[in-house]
Amino acid sequence: MLAELAVRNLGVISSARLVLGAGMTALTGETGAGKTLVVQAVQLLMGGRADPAMVRSGADEAVVEGRFVGPDGSERVLRRVIPAAGRSRAYLDGTMASAPELAELGIGLVDLHGQHQHQSLLRPRTQREALDRWGGADLRPLRAARDDLRALVDNLEAIGGDVRARAQEMDLLRYQVDEISAAQLDDPGELEQIAEREDLLADATAHLADGHAARQALSGDDGAIDKLGSAAAALAGRPAFAPTSERLAAAAAELDDTVAQLRGVLDIIEDDPQALAEVRARHQMLRELTRKYGDTLGEVAAFGTRAAERLSQLQRHAELASELEAGIAAAQRRVDDEARAVAAARQAAAPGLAAAVTGHLASLALAGGTLEVRVTGDPPCDGVELLFSANRGSPPGAMSKVASGGELARVMLALRLVLTAGPPTLVFDEVDAGIGGEAALAVGQALTSLAERHQVLVVTHLPQVAAFAHHHVAVRKSDDGVSVASDLVAVNGTDRVTELARMLAGQPSWDSGRQHASDLLRSAEASRPRPRDGQPAASSPVP
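Residues numbered from 1 in each chain as written. Predicted model: local features only at pLDDT ≥ 70, side-chain atom pairs only at ≥ 80, totals over all residues. Heavy atoms only, no water.

Colleague: What's the story with a negative patch on the surface in this structure? I'm lost.
Modeller: On the surface, Asp186, Asp187, Glu192, Glu196 and Asp199 cluster together into a patch of negative charge. Relative to the helices and strands, Glu196 is located in helix α6 (residues 190–202). (Patch = residues over 30% accessible without salt bridge, like charges linked within 9 Å, V, L, I, M, F, W, Y side chains within 5 Å. Areas by Shrake-Rupley, 256 points an atom, 1.4 Å probe, with all protein chains shown as cover. Salt bridge = Lys/Arg side-chain N within 4 Å of Asp/Glu carboxyl O. Lys, Arg positive; Asp, Glu negative; His and termini not counted. Charge placed at Lys NZ, Arg CZ, Asp CG, Glu CD. Helix = DSSP H or I, 4+ residues; strand = E, 2+ residues; numbered from the N terminus.)

Structure (structure tokens):
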């Protein structure tokens, strides 16, 4: 609920702070004192439009702050700053925010009734939810059925729900799988090896010629091996050359190994143009595969495995699709059944809600007023609209278009009387416009009955309404000849009697007016219900 409201430099209010409690609070004051500025202040906290004209004359900016307390004791502080020039600023718990953010939060905090802004019951979604709440429509089975249907449709799309797209994907996958499979990628290192073999085959003639020349120079007649042998023989048996002889023997052994290695290489070199062409073709194919499917042959093989699995899944599509399509058909029937059930519940509840609200209108000085609940659209009939007619014989229309401010507030009051849910705080302005006498008492009784479940703030000029409030705040205006300023004053005891007497007779000092005010307070207090927390709201005893 709204626990505290602080206003500075808003219109005629220079500075005021209002501490609010549970139950019903009446705000009263002379015409022009600034009663509706309190409603404007709350409206600004709810993200309402800020106009520099709201700023008190001579001030740089207007500031509105509100502290809201939840049932669990948690607090939210909303703040709005309206400069005399420039854009307004919004804050939430001390952090900068936007007006739309305040408006979104405000939907769950406050409902303003009487003006055409910030009234949740004028929103189509809220009207639909109001009807569902009244009729007890259970939307959970419909939501569950829709979720199941969506999941099945998503699964069908995931395995290739579009026939043409599926066929195109299968053709591509089949080509990719065949291409990779035909390559027989058994060795991940083949690409490097085949590059080396291609280089060898590409220059086979020169390789063979140079290799044979080298072997001849080493092992041919009068070659390096023969000369090395002659040198070793010349030094044989001479102790002085023993170390040299040992090194010559080692060199001879190394040359023998070198010649053997050279012979082995020459034996595998082929001067075979056909083999070269085959190696080049294989090399080109492997390079093409890595260009398309991965940087290495290992990545290419992994791609082929994934493609084969996807192809297998698509090839099984007919079987899977048949199962999914059967499930989709059954899920759609369930959605249709649940939608018809919701539609039936809404259509059945509409007359009852309309009659219940209309039944309250007469006691709220709308004797000729009627409410109609129109339900349209295909099942589940989401097109729910509340229509109002102020006079018998007049066609009903959208409430926001055909009802005056006072009528709209009283229709909203009647709706709140038959609907238990809603934001914690309800603010009513103009709810008593154009009424008096017994109708005013009925409005007061209706408002205080709402205070059993909500915090209710009502701006009123009728003492019959104000008398039913648990708390009473008077808006007092003062004029020092230079400027006019208003303040918010909590009135209790004899001060409250004085305020009600002023409202009754315009002369708060008249004994007859004060007696009438005291009687009115006693009567209202006797029929006043307890507020929503189950404890009597604070109110002063009647003197």
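Having seen it, we continue.
Colleague: Can you help me understand the packing of helix α5 (residues 163–182) against helix α10 (residues 273–293) in this one?
Modeller: Packed helices, taken two at a time, are described by the angle their axes make and the gap between the axes. Contact pair α5 / α10: the axes reach a minimum separation of 11 Å and the direction vectors enclose 140 degrees. α10 is crossed by α5, and the crossing has left-handed handedness. Every residue of α10 that contacts α5 at Tyr175, Gln176, Glu179 and Ile180 is listed here: Leu289, Lys292 and Tyr293. For the contact of α5 with α10, the class distribution of residues is four nonpolar, one polar and two charged. (Axes fitted to C-alpha atoms, helices over the stretch in contact; angles between N-to-C directions. Left-handed = near helix turned anticlockwise from the far one by under 90°. Contact = heavy atoms within 4.5 Å. Nonpolar A, V, L, I, M, F, W, Y, C, P; charged D, E, K, R; others polar.)

Colleague: Please clarify how unusual backbone geometry should be interpreted in this entry.
Modeller: Glycine aside, residues mostly have negative phi angles, and peptide bonds mostly take the trans form. Cis rather than trans, the peptide bond between Pro379 and Pro380 has omega equal to 15 degrees. Among the secondary structure elements, Pro380 is positioned in the loop between β9 (370–376) and β10 (383–389). Phi at Gln184 takes a positive value of approximately 50 degrees, unusual for a residue other than glycine. At Ala365, a residue that is not glycine, the phi angle is positive and equals roughly 65 degrees. Its location among the elements puts Ala365 in the loop between α12 (317–361) and β9.

Colleague: Looking at this structure, how should I read the sheet that holds β9?
Modeller: Two modes of strand pairing occur in sheets, parallel and antiparallel, and in both the strands are linked by backbone hydrogen bonds. With antiparallel pairing, the three strands of this open sheet are ordered in space as β9-β10-β11. Two strands close off the open sheet at either side, each with one partner strand: β9 and β11 (397–398). In this structure, β9 lies alongside β10, joined through seven bridges in antiparallel fashion. By the bridge assignment for β10, Val375 is matched with Val384. Those strands touched by α12 are β9 and β10, and its axis lies near 165 degrees from that of β9. (Pairing = 2+ DSSP bridges.)

Colleague: Sorry if this is basic, but what is going on with helix α11 (residues 297–315) here?
Modeller: An α-helix turns once per 3.6 residues; consequently, residues spaced three or four apart project the same way. Counted at 1.5 Å a residue, the expected span for α11 with its 19 residues is 27 Å, and the 27 Å between its end C-alpha atoms agrees. Those residues of α11 lying buried are Leu297, Val300, Gly304, Ala307, Leu311 and Leu314. For α11, the angular spread of buried residues about the axis comes to 90 degrees, placing them on one side. Opposite the packed face of α11, turned more than 90 degrees from it, sit the exposed residues Arg306 and Glu309. (Expected span 1.5 Å × (residues − 1). Buried < 20%, exposed > 50% of the residue type's maximum accessible area, 1.4 Å probe, protein only. Arc of directions from axis to C-beta.)

Colleague: Can you walk me through the nonpolar core in this structure?
Modeller: Nonpolar side chains in soluble globular proteins generally cluster together in the buried interior. In terms of nonpolar packing, the biggest core is built from 59 residues, with Met24, Val373, Met399, Leu413, Phe428 and Leu447 touching the most fellow members. It is helix α14 (residues 405–418) that contributes the most residues to this core, eight residues altogether. Within the second largest apolar cluster, 38 residues are counted, among which are Leu5, Val7, Val55 and Ile82. (Core = buried A, V, L, I, M, F, W, Y, C linked by side-chain atoms within 4.5 Å.)

Colleague: Would you mind showing me how to read the packing of aromatic side chains here?
Modeller: Geometry of an aromatic ring pair is reported as the spacing of the ring centres plus the angle between the planes. All chains considered together, the criterion is met by one aromatic pair. The lysine or arginine in question, Arg79, covers the ring of Tyr91, its NZ or CZ lying 5.4 Å from the ring centre. (Phe/Tyr/Trp six-rings, centres within 6.5 Å; stacked < 30°, edge-to-face > 60°. Lys NZ or Arg CZ within 6 Å of the ring centre and 35° of its normal.)

Colleague: Got a minute to help me understand the side chain of Lys35 in this structure?
Modeller: Looking at the element boundaries, Lys35 is found in helix α1 (residues 35–45). Although Lys35 is buried, it forms no salt bridge, and the closest oppositely charged side chain is Asp429 at an N-O distance of 7.7 Å. A distance of 3.0 Å separates a polar atom in the side chain of Lys35 from the backbone oxygen of Gly29. When near neighbours in sequence (up to four residues on either side) are disregarded, Lys35 contacts Leu27, Thr28, Gly29, Glu30, Val459, Thr460 and Val475. (Polar contact = N/O pair within 3.5 Å; in protein donor to acceptor, adjacent residues only side chain to side chain.)

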